[in-house]
Amino acid sequence: MSDATPPSGPAGGQTPKGEPERPPSAHRPVLSEPRVERRRGGGLSAAWLIPVIALVIAGVMAWRYYDGLGPRIEILLRSGSGIEPGRTAIRYRDVEIGVIEDLAFSKDFSHVIATAQMDRRITSRLTDRAAFWVVRPQISASGVAGLETVLSGVYLGADLGSAGEGKPTRRFEALPEPPLTPSDTPGRRFKLFAAQGASAAPGSPVFYKSIEVGRVETKRLSDDFSVIEYEIFVRAPHDQRIATNTRFWDASGFNLELGAEGVRVEAPSVVSILRGGVAFDGVGPPPIGGGEVDEGRAFDLYRNETAARDSLFEAPGEELRMTVVFEESVRGLAIGAPVEYRGLQIGSVEDVALRVSDTLGGAEIVTTIVLQPRRIGIGHLTEDDVLAFFRRSVERGLRARLAVGSIVTGAAYVQFVDLPQARAAELDVAASPYPRMPSVPSQLGMLKGSVDEILARIEALPVEELIANASGFLENLRTLTGGEAAQGLPGDLAETVASAKRMIRALEDAKAGEAVTATLADVRKAVASVEATAAELPAVARRLSALAASAEQAAATLAEGGSLNRAGLAALRDVQNAARAIKSLASTIERDPNSIILGR
């Protein structure tokens with residue numbers, strides 16, 4: 001049976017108003033009211049746990065990611081070539097420490113600003129000592145670098161400097177070129193100054209006794225554009241070799257010099273020829289040298305090793321400048337030419353200039369020389385004492401003159417010589433701008449003077465008078481040998497000899513005393529000598545006749561208009577022309593000594 005009752009009306013068992021309630025039908029089931037049952041332990045379904053756990057894991061991962069991020073920095077670049085946001089990495093020692101996230105222009109569009117997200121672990125190293133640069137394939141004298149970027153693309157290299165140095169910053173300017181030496185490499189940096197740029201360039205090696213111990217890092221003009229500045233790095237422990245007596249010189253390529261000393265060739269190592277370079281060494285004994293120097297110390301860069309070692313005598317404040325006026329040509333005398341005394345260099349030429357007098361009445365060639373008193377052994381004296389020394393030397397005959405160092409190159413130099421017989425002179429201490437040393441003509445000038453004197457004497461010879469005298473002598477000789485008395489001389493001499501013989505025989509027949517006999521013997525000897533001479537007289541006569549004939553012919557040729565006279569005059573004129581040519585040659589050699597080799 002069922003407890004359910006049928007509905008009592010059309011609307012859920014209710015009868016219409018005014019109608020009687022109908023009795024329940026025995027054939028309809030009766031429905032019971034629904035019951036709601038609650039289960040024990042009811043709540044959220046287990047299906048909700050999966051997204052909750054995923055959300056927690058994602059949050060943890062996000063927190064760890066953002067917690068691991070370092071600061072964002074800006075790098076100022078000249079160009080954004082090859083850089084891709086989100087892909088271009090920043091590396092330090094080939095380890096990625098950041099990535100480029102964005103590229104933008106600067107306000108004036110002169111640079112590209114790269115925004116980079118850096119690793120948190122290097123935050124303390126992002127100081128003003130850090131440096132960044134773009135790594136690309138590069139071929140230079142130092143070698144090949146950045147080849148890995150050919151496949152992987154460019155990236156930014158970084159040098160974070162030394163720990164604990166510099167001030168924190170978040171804005172950097174990229175270097176135009178990668179640094180040649182990492183900042184944490186043991187060693188020290190020094191500066192070099194050169195009057196003219198050497199062939200050494202950034203990346204060129206630095207040598208000590210032909211061993212590479214460092215590199216040239218930078219090369220630029222000084223702020224006042226007067227000299228070339230180099231910055232070099234010398235690795236430890238070789239940097240301890242640098243002291244106050246250290247000298248640096250250009251060790252790049254061959255060094256060929258044609259000067260007053262002749263031809264000088266210096267050939268460095270093959271590496272220096274290919275890459276250029278700078279070399280250094282200590283110069284002078286310890287008393288002249290010095291101790292250690294600090295980092296950043298500036299040194300002079302000399303053009304070669306010889307100049308570097310000669311600088312030992314160039315102590316600042318100990319140089320003495322003088323001027324010399326030469327009356328002759330100074331062709332071949334160049335700035336830097338040596339000043340020598342008895343073959344020892346004691347200074348150099350600093351300037352050669354033409355100066356007009358204050359009254360505009362004339363001009364003179366003034367040569368300024370720089371003397372190193374140390375080379376003479378008087379470096380310990382004061383300037384007044386050094387001038388007093390030279391004043392006494394000039395009084396004893398010390399003079400300056402030009403000399404030719406090499407007839408091949410034509411280079412000249414200044415020579416100090418002792419000439420006790422020279423005309424008296426004094427060292428003009430009051431001359432401006434420097435004391436003036438008296439000078440004498442060079443040996444070439446004296447040679448020219450001698451040649452001029454010889455030519456003057458040749459030109460002064462009375463050529464026509466000499467020829468006239470010779471012609472008169474030959475005429476007198478012809479007259480003497482051609483007379484009748486000279487022709488009869490052999491016959492008269494023969495008759496005299498015959499008479500002497502007859503007298504001797506008469507004396508022998510008379511049998512005089514012994515004294516007469518001895519006298520006759522002497523007379524006999526004399527007669528024999530006369531007879532022998534008489535026998536030679538015909539030949540002598542023939543020779544005299546031949547001589548007379550030759551004299552007549554010579555007289556004819558020497559006569560005015562004769563062939564010999566003309567030939568003699570022509571020969572003397574040739575001698576005069578040759579003398580003038582020698583004079584011209586001497587003048588040419590004095591003006592241009594190298595014209596002998598190179599021509600005009």
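Within any chain, residue numbers begin from 1 and follow the written order of that chain's sequence. Where local features are concerned, this predicted model is filtered to residues with pLDDT of at least 70; where side-chain atom pairs are given and counted, the filter is 80 or more; whole-chain, interface and lining totals use all residues. Just so you know, side-chain values use all the structure's heavy atoms and leave hydrogens and water out.

### A few points about the nonpolar core
The set of buried Ala, Val, Leu, Ile, Met, Phe, Trp, Tyr and Cys residues whose side-chain atoms join them within 4.5 Å is what this entry labels a nonpolar core. When a residue's accessible area, from a 1.4 Å probe over protein chains only, is under 20% of the maximum for its type it is buried; when over 50% it is exposed; and in between it is partly exposed. One finds Met322, Ile369, Leu371, Phe390, Val414, Phe416 and Met437 to be the most contacted residues of the largest nonpolar core, which totals 25 residues. By definition, any uninterrupted DSSP run of H or I lasting at least four residues is a helix, any uninterrupted run of E lasting at least two residues is a strand, and each is numbered from the N terminus. Elements with a minimum of two residues in this core: strand S19 (320–325), strand S21 (344–356), strand S22 (363–371), helix H6 (383–395), strand S23 (398–404) and strand S24 (412–418). The element best represented in this core is H6, accounting for 4 residues. For leucine 371, the residues in contact, after removing those within four places along its chain, are Glu318, Glu319, Leu320, Met322, Val339, Ile346, Gly347, Phe390 and Phe416. Contacts between residues were defined by any pair of non-hydrogen atoms, one from each residue, lying within 4.5 Å.

### So, the pairing of S19
Of all the 6 residues making up S19, 5 are buried; the element is thus mostly covered by neighbouring parts of the structure. The rule for pairing is simple: two strands pair if DSSP sees at least two bridges between them. Strand direction decides the pairing type here: S19 and S22, joined by 6 bridges, are antiparallel. In the sheet register, leucine 320 faces S22, and the bridge partner there is leucine 371. Across 2 bridges, S19 lies against strand S25 (residues 436–437) in parallel orientation.

### Quick notes on the pattern of salt bridges
Each reported salt bridge corresponds to a side-chain nitrogen of Lys or Arg within 4 Å of a carboxyl oxygen of Asp or Glu. A full pass over the atoms with the stated rule returns 17 salt bridges. Between arginine 309 and aspartate 281 there is a salt bridge, with its nearest N and O atoms 3.4 Å apart. Here arginine 309 is found in helix H4 (residues 305–310), whereas its partner aspartate 281 is found in strand S17 (residues 278–282), with 28 residues between them in sequence. Given a relative accessible area of 32%, arginine 309 falls into the partly exposed group. Given a relative accessible area of 13%, aspartate 281 falls into the buried group. Salt-bridge contacts for glutamate 364 lead to arginine 436; the nearest nitrogen and oxygen are separated by 3.5 Å. Linking glutamate 364 in strand S22 with arginine 436 in strand S25, this pair joins segments that are 72 residues apart in sequence. Members of the salt-bridge network, linked through shared partners, are Lys209, Asp281, Glu305 and Arg309.

### Topic: a nonpolar patch on the surface
A grouping of Leu49, Ile53, Ile57 and Met61 is seen on the molecular surface, where their side chains present a nonpolar patch of about 430 Å² in accessible area. Given a relative accessible area of 45%, isoleucine 57 falls into the partly exposed group. Residues enter patches when they are more than 30% accessible in relative terms and free of salt bridges; like-charged ones are connected within 9 Å and nonpolar ones (Val, Leu, Ile, Met, Phe, Trp, Tyr) within 5 Å. Note that accessible areas follow from Shrake-Rupley with a 1.4 Å probe, and for residues the cover is restricted to the protein chains shown.

### Re the pairing of strand S11 (residues 205–208)
Neither face of S11 is left uncovered, since the one carrying Pro205 and Phe207 and the one carrying Val206 and Tyr208 both have all their residues buried. As paired elements, S11 and strand S12 (residues 211–221) share 4 bridges and run antiparallel to each other. The partner of phenylalanine 207 across the bridge, within S12, is glutamate 212. Hairpin connection between S11 and S12: a loop of 2 residues separates the two successive antiparallel strands, and lysine 209 in this loop has a positive phi of roughly 55°. Here S11 runs beside S17; their pairing, made up of 3 bridges, is parallel.

### Observations concerning the packing of aromatic side chains
Centre-to-centre distance and the angle between the planes together describe a pair of aromatic rings. Planes of paired rings set the category: under 30 degrees apart is stacked, over 60 is edge-to-face and the rest tilted, where pairs are Phe, Tyr or Trp rings (Trp by its six-membered ring) whose centres lie within 6.5 Å. Scanning the model with the defined rule gives 7 aromatic pairs in all. Aromatic side chains phenylalanine 389 and phenylalanine 390 sit 5.4 Å apart centroid to centroid with 75° between the ring planes, which places their arrangement in the edge-to-face category. Its relative accessible area of 3% is what places phenylalanine 390 among the buried residues. Through a chain of ring-to-ring contacts, the aromatic side chains of Phe190, Tyr208, Phe248, Phe280 and Phe299 assemble into a single cluster. Two limits define a charge over a ring: the Lys NZ or Arg CZ must be within 6 Å of the ring centre, and within 35 degrees of the ring normal. In this structure, arginine 91 is placed above the aromatic ring of tyrosine 155, and the distance from its NZ or CZ to the ring centre is 4.5 Å. Sitting over the ring of phenylalanine 299, arginine 297 keeps its end group 5.3 Å from the ring centre.

By themselves, these are just geometric observations and shouldn't be taken as functional.
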